[in-house]
Amino acid sequence: MHAVPTPSSALKLSELIAALSYALDITEGQPPGHCVRCCWIGMHIGRRIGLPEAQLWELYYTLLLKDLGCSSNAARICELYLTDDLDFKRDYKTVGDSLPQVLGFVLKHTGLKAGLAERFRSVMTILRDGPEIARDLVATRCQRGAEIASLLRFPQGVSDGIYSLDEHFNGNGKPARLAGEAIPMSSRISLLAQVIDVFHTEGGRAAALEEVQARSGQWFDPALVDAFGQVAQSADFWAVLAGSGIDGAVAAIHPDGQGREHALDEDYLDDIATAFGQVVDAKSPYTSGHSARVALYTDMIGEALGLSSQRRRWLKRGALLHDVGKLGVSNSVLDKAGALDRAEWDAVKLHAEFTETILGRIEPFRELAAIAAAHHERLDGNGYPRGLTAEDIRIETRIITTADIFDAITAVRPYRGAIPIPQALEMMRKTVGSVLDPECFEALVRAVERVPFAEAA
């Protein structure tokens, strides 16, 4: 058995949050590193206007976590607009306030794969109820993001910054129609940084500068736009923004927390894994609680197999984060009630690679990244993403696989109801040796026998 890693001794909070922010990027359909680049932009603006260190610290984490609630409205977007939520969210970040822009966006993104009558009904509903729909979607996103920031132990200033991200300086934003100085400074800077990065990524420096000037006094605080104009005169600023060293550069500008950071101990790592597991589960109504249940079953199986409490605790984090890559899969696929076509199935399978890439950005989590990402591998070599065979699949992965399949069968899915536990175990028994590890399966059976589960988990 491998020794238990001790990530808390080799990891900074800023590095961990920056790495996990890549999961939020893919949920928003943004190119990898979007939140980190926003942090680079926003911190330069914050320093230019002379924010004190304590406020800069809150700004730093608001920028990295601004999209923390982004998964919570994905299913609703797919339902209302009959579209791919990732494409929708990516393109929505480029839409301003003008009626032609809004109408063009609605027509371009609503029901393109639906029947003509269904698309017509959907477009008409959105045109009729558009402002209320948009407000509800933003409110859901903002509220959930603020709640999870609190679960991550960040102070109220960070939660407030995330909650008010979509408020506009002229009072026409969402969800509370705050205006001017009533909008938290971290929210004003974060929205500005977001638009700068989106337009810079798509059209370069000139496009970003033109867009922020056009929205000055409407979306953006003119004083912040002026401050960015001064920042933008630095060639080094743009070189780092577009370069491969952006992660290190953002880590290097982390402000003095003045005692505001919690120690990154084992309890805090558990809380962070739990919170990001909730971000994953919020993506679909059919995955609510999935990560927490898989973590529980993983722990039960590990205990039945005699794993130490320290090893089980470490493995539970992998179970909580095993599906983080699903944030990069559209809900139009995840929530589909019918059979998936080839392209849709290929999209689903990508989530395992996304999981390994995201967790692999965290150096002390590299081992856990490989273990968690392999939970769809099979002993007979017919799994994904690498088609590993039994000799290459570690016991920790086999445990998570068993727990994941048990929850997948006993939970409600878009295409069927929950299956009772006895029937689920019989279904699983038929795959022992080809998919499931015999010892892990028997450990699950023993663990389930000791717990008074409801008829359907």
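Details of the structure are given in the entry above.
Report on the accompanying structure. The numbering scheme is per chain: residues are counted from 1 as the chain's sequence reads. Predicted model: local features are reported for residues with pLDDT of at least 70 only, side-chain atom pairs are reported and counted for 80 or more only, and whole-chain, interface and lining totals are derived from all residues. Think of the side-chain values as coming from all heavy atoms in the structure, minus any hydrogens and water.

1. Side note on the overall build of the protein chain
Logical step 1: Numbered from the N terminus, helices here are DSSP runs of H or I no shorter than four residues, and strands are runs of E no shorter than two. The helix and strand tally for the protein chain stands at 22 helices and zero strands.
Logical step 2: Counting only C-alpha atoms and orienting by the principal axes, one finds that the protein chain spans roughly 65 × 60 × 35 Å.
Logical step 3: Think of it in three bands: with a 1.4 Å probe and only protein chains considered, a residue is buried below 20% of the maximum accessible area for its type, exposed above 50%, and partly exposed in between. Taking all 457 residues of the protein chain together, 53% fall into the buried category.
Logical step 4: In this description, contact between two residues means that some pair of their heavy atoms is separated by no more than 4.5 Å. Contacts spanning at least 24 positions in sequence make up 70% of the contacts within the protein chain whose residues lie at least 6 apart.
Logical step 5: Here the protein chain displays about 18,700 Å² of accessible surface, and carbon together with sulfur accounts for 53% of that area.
Logical step 6: Counting 47 positive and 61 negative side-chain charges, the protein chain places the centres of these two groups 2 Å from one another. Accessible surface area values rest on a Shrake-Rupley calculation with a 1.4 Å probe, where residue burial reflects the displayed protein chains alone. For the charge count, each Lys or Arg is scored as positive and each Asp or Glu as negative, with His and the chain ends excluded. All charge positions are set by atom: Lys at NZ, Arg at CZ, Asp at CG, Glu at CD.

2. Side note on the state of the cysteines
Logical step 1: Two cysteine sulfur atoms form a disulfide, by the criterion used here, when they sit within 2.5 Å. This structure, assessed with the given rule, holds zero disulfides.
Logical step 2: This cysteine, Cys70, is not joined by any disulfide, and Cys35 carries the nearest cysteine sulfur, 7.7 Å off.

3. Structural notes on the packing of helix α15 (residues 290-304) against helix α16 (residues 309-320)
Helix-helix packing is characterised by the crossing angle of the two axes and by the distance between the axes.
Logical step 1: Relative orientation of the contacting elements α15 and α16 amounts to 150°, with a least axis distance of 8 Å. With respect to their mutual orientation, α15 and α16 come out roughly antiparallel. Viewed along their axes, α15 and α16 form a crossing whose handedness is right-handed. On α16, the residues touching Ser291, Ala292, Val294, Ala295, Thr298, Asp299, Gly302 and Glu303 of α15 are Arg312, Leu315, Lys316, Ala319 and Leu320.
Logical step 2: Class assignment of the residues belonging to the contact of α15 with α16 gives a composition of six nonpolar, three polar and four charged. Axis angles are defined between N-to-C directions and span 0 to 180 degrees, where every axis is a line fitted to C-alpha atoms and, for a helix, only to the segment in contact. An angle below 35 degrees is treated as roughly parallel, one above 145 as roughly antiparallel, one from 65 to 115 as roughly perpendicular, and anything else as oblique. In this scheme the crossing of two helices becomes right-handed for a clockwise turn of the near helix relative to the far one and left-handed for an anticlockwise turn of less than a right angle. Each residue is assigned to one of three groups, with Ala, Val, Leu, Ile, Met, Phe, Trp, Tyr, Cys and Pro labelled nonpolar, Asp, Glu, Lys and Arg labelled charged, and all others, Gly among them, labelled polar.

4. Some remarks on a nonpolar patch on the surface
Logical step 1: Like charges within 9 Å and nonpolar side chains (Val, Leu, Ile, Met, Phe, Trp, Tyr) within 5 Å are joined into patches, using only residues over 30% in relative accessible area that form no salt bridge. When a carboxyl oxygen of Asp or Glu lies within 4 Å of a side-chain nitrogen of Lys or Arg, that pair is called a salt bridge. Taken together, the side chains of Leu103, Phe120, Met124 and Leu127 make up a nonpolar region of the molecular surface, amounting to roughly 370 Å² of accessible area.
Logical step 2: Looking at which element gives the most residues to the nonpolar patch, the answer is helix α7 (residues 116-151), with three residues.
Logical step 3: Given the relative accessible area of 33%, Leu103 is considered partly exposed.

5. Structural notes on the environment of Val158
Logical step 1: Mapped onto the elements, Val158 comes out in helix α8 (residues 156-163).
Logical step 2: Residues Val158 and Pro184, spaced 26 residues apart in sequence, show a C-alpha to C-alpha distance of 9.7 Å.
Logical step 3: Residues within four places of Val158 in sequence aside, it is in contact with Glu58, Tyr61, Thr62 and Ala149.

6. Topic: the side chain of His322
Logical step 1: For His322, the position within the fold is in the loop between α16 and α17 (331-334).
Logical step 2: Of the residues examined, His322 reaches a relative accessible area of 0% and is grouped as buried.
Logical step 3: Side-chain atoms alone can form a polar contact between residues adjacent in sequence; in general such a contact is a pair of N or O atoms within 3.5 Å, and within protein one must be able to donate a hydrogen while the other accepts it. From its side chain, His322 meets the backbone oxygen of Ala319 in a polar contact 2.5 Å long.
Logical step 4: Here the side chain of His322 touches Asp404 through a polar contact of 3.2 Å, side chain to side chain.
Logical step 5: His322 has contacts with His290, Val294, Thr355, Ala372, His375, Ile400 and Asp404, leaving out every residue within four places of it along the chain.

7. Quick word on helix α1 (residues 13-27)
Logical step 1: Taking 1.5 Å of rise per residue, 15 residues should cover 21 Å, and α1 covers 22 Å from first to last C-alpha, within 8% of that figure.
Logical step 2: Of all the 15 residues making up α1, 14 are buried; the element is thus mostly covered by neighbouring parts of the structure.
Logical step 3: Phi turns positive one or two residues past the end of α1, at Gly29, with a value near 70°. To estimate how far a helix should reach, multiply one less than its number of residues by 1.5 Å.

8. Quick look at the packing of aromatic side chains
Here the distance between the centres and the angle between the planes together describe a pair of aromatic rings.
Logical step 1: Working definition: a ring pair exists when centres of Phe, Tyr or Trp rings (six-membered ring for Trp) sit within 6.5 Å. Plane angles under 30 degrees give stacked, over 60 give edge-to-face, the rest tilted. Overall, the coordinates contain 11 aromatic pairs when judged by the stated rule.
Logical step 2: An angle of 35° between the planes, with centres 4.9 Å apart, marks the rings of Tyr61 and Phe154 as tilted. Here Phe154 lies in the loop between α7 and α8 and Tyr61 lies in helix α3 (residues 53-64), a separation of 93 residues in the sequence. Considered together, Tyr61 and Phe154 belong to a single accessibility category, that of buried residues.
Logical step 3: Judged by centre distance (5.8 Å) and plane angle (85°), the rings of Trp345 and Tyr384 are edge-to-face.

9. Comments concerning the pattern of salt bridges
Logical step 1: Applying the stated criterion to the full structure yields 37 salt bridges.
Logical step 2: The partner of Arg386 in a salt bridge is Glu356, with the nearest N and O atoms 2.7 Å apart. Taken together, the residues Arg386 in the loop between α19 (366-373) and α20 (395-410) and Glu356 in helix α18 (residues 342-360) connect sequence positions 30 residues apart.
Logical step 3: A single network of salt bridges, built from pairs that share partners, joins Glu28, Lys66, Asp67, Lys89, Lys93, Arg141 and Asp166.

Take it as geometry only, folks, not as evidence of what the structure does.
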